[in-house]
Amino acid sequence: MSTNLSCDFLIIGSGAAGGVLAATLSEHTTKSIILVEKGGYYTKSFFNQKELPMAKALYTEGGQRASLDSGIPIRGGGCVGGGTTVNVALCFDPIPRVWEGWKRDYGLTGFSFGEANDYGVPGLSMSKCLQNVRQRCSIGTPSDDLVNDNNRLFNEGCQKLGIGSQKFELNMKGCIGCGFCALGCSYDAKQGTMITYIADALKRGATTAR
Ligand SMILES: Cc1cc2nc3c(=O)[nH]c(=O)nc-3n(C[C@H](O)[C@H](O)[C@H](O)COP(=O)(O)OP(=O)(O)OC[C@H]3O[C@@H](n4cnc5c(N)ncnc54)[C@H](O)[C@@H]3O)c2cc1C
Ligand code: SF4
């Protein structure tokens, strides 16, 4: 059965980009927004930590997508939240040196790192956006008690050999360390777009469609 929907803004895909866009637009305009996602909308009670059914439901092409010769699996989230529902929550800020290289070599335009008026919007810059994402997704360095044994041993080995090591930052809040991030977080501890930006957008009146 087909349904006719109309809106002012149509956003296709509810992953990292689409979710943030829906929330940001809904914050700054009263115009109608529809966020379209081709995959399912699953919440924490659905995530049962079993690899095969979760891969089938949450990943693009049921987790079977691969390079043409099947030599390299190419995984991507295929559900509300996209990759942020199935990723392992490692967070990296964009690196200014790399960004400058993309500008120079590939003609990238847009965001800057300084205090700027990117896209003609007063005060908008990469640094400002990063602050917003860091805050909304609760990005921070995990405490020592959340470091599991393999990473603890790796760190000890590095120290003994005089090799520098540091913890990754993670977008988690109240993580119990179960290790099933790639199958969806059953505890809503991983702060992907589904429970952060998309939840905000829906509260402000944006609509989802499949
Ligand atoms: C297993 C795994 C682990 C990862 N771990 C990390 C990590 O630790 N740290 C990190 O920084 N990155 C990680 N990533 C990568 C990160 O999640 C992605 O780079 C990021 O989610 C990409 O954002 P995006 O908005 O471009 O696309 P996505 O988040 O992939 O969102 C795209 C969405 O669009 C939907 N879609 C596609 N086509 C259509 C269509 N025609 N109509 C409607 N909807 C459509 C898809 O179903 C999907 O939900 C990981 C990715 C995977 C798969
Ligand atoms: S509780 Fe922590 S380790 Fe377990 S799935 Fe959620 S974020 Fe990942």
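Here the residue index of a chain counts from 1 through its sequence in written order. Lettering of chains starts at A and numbering of ligands starts at 1, both following the order in which they are written. Note on the predicted model: pLDDT of at least 70 is required for a residue's local features to be given, and 80 or more for side-chain atom pairs to be given and counted; whole-chain, interface and lining totals, by contrast, use all residues.

So, on to the site of ligand 2. We count a residue as near a molecule or strand when its backbone-placed C-beta atom lies within 6 Å of that partner. Around ligand 2 sit 13 residues in total, of which Cys175, Cys178, Cys181, Cys185 and Lys190 are the nearest. Looking at the shell around ligand 2 residue by residue, the classes come out as 10 nonpolar, 2 polar and 1 charged. Under the scheme applied here, ten amino acids are nonpolar (Ala, Val, Leu, Ile, Met, Phe, Trp, Tyr, Cys and Pro), four are charged (Asp, Glu, Lys and Arg), and all others, including Gly, are polar.

Note on pairing: two strands pair once DSSP finds at least 2 bridges between them. Numbering of helices and strands runs from the N terminus, with a helix taken as a DSSP run of H or I at least four residues long and a strand as a DSSP run of E at least two residues long. Pairing within the open sheet is parallel, and its 3 strands lie in the order 1-2-6. Looking at strand neighbours, the two that pair on one side only are strand 1 (9-12) and strand 6 (207-209), the edges of this open sheet. Strand-to-strand, the axes of this sheet are offset by a mean angle of 25°, without reference to chain direction. Looking at chain direction, strand 2 (residues 33-36) and strand 6 are connected through 3 bridges and run parallel. Looking at strand 6, one finds that Leu35 is bridged to Thr208. In this analysis, axes come from line fits to C-alpha atoms, helices being fitted only over the stretch in contact, and the angle between any two N-to-C directions falls in the range 0 to 180 degrees.

Below, the discussion takes up helix 4 (residues 96-106). Here the C-beta atoms are placed from the backbone, and a residue counts as buried if at least 20 other C-beta atoms lie within 10 Å of its own, exposed if 12 or fewer do, and partly exposed otherwise. Of all 11 residues in helix 4, 0 are buried, a share of ten percent or less. Gly107 lies just past helix 4 and shows a positive phi near 75°.

The full set close to ligand 1 counts 25 residues, and Gly13, Gly15, Gly82, Gly83 and Asn87 are the nearest of them. Breaking the shell around ligand 1 down by element, the ones donating at least two residues are helix 1 (16-28) and helix 3 (83-86). Residues of the shell around ligand 1, tallied by class, amount to 10 nonpolar, 12 polar and 3 charged.

Below, the discussion takes up the domain arrangement of the chain. An automatic or database domain assignment supplies the residue ranges for each domain. Here the domain parsing of the chain yields domain 1 (9-89 + 138-209) and domain 2 (92-136). The C-alpha-based centres of domain 1 and domain 2 are spaced at 22 Å.

A word on the environment of Leu25. Assignment of secondary structure puts Leu25 in helix 1. According to the C-beta neighbour criterion, Leu25 is partly exposed, with 18 such atoms within 10 Å. The spacing of Leu25 and Arg204 is 179 residues in sequence and 9.9 Å in space, taken between C-alpha atoms. Contacts of Leu25, omitting those with residues within four sequence positions, involve Phe9 and Ile33. By definition, residues are in contact whenever their C-beta atoms, placed on the basis of the backbone, come within 7 Å of each other.

Moving on, we come to the pairing of strand 2. Residues of strand 2 alternate between two faces, with Ile33 and Leu35 buried on one and Ile34 and Val36 left unburied on the opposite face. As paired strands, strand 1 and strand 2 are joined by 4 bridges and run parallel to one another. Considered in strand 2, the bridge of Ile12 is made with Val36. Note on handedness: a crossover is taken as right-handed if, strands pointing away from the viewer, the path from the first strand over the helix to the second is clockwise. Once the chain exits strand 1 it traverses helix 1 before rejoining the sheet at strand 2, and the crossover so formed is right-handed.

Right, let's talk about the nonpolar core for a bit. Here, a nonpolar core denotes buried Ala, Val, Leu, Ile, Met, Phe, Trp, Tyr and Cys residues that are linked to one another through C-beta atoms within 7 Å. Ala22, Ala23, Ile33, Leu35, Tyr197, Ile198 and Ala201 are the most contacted members of the largest nonpolar core, which has 25 residues in total. Listed by contribution, the elements that provide at least two residues to this core are helix 1, strand 2, helix 2 (51-58) and helix 7 (197-203). The residues contacting Ala22, other than those within four sequence positions of it, are Ile11, Ile33, Leu35, Tyr197, Ile198, Ala201 and Ala206.

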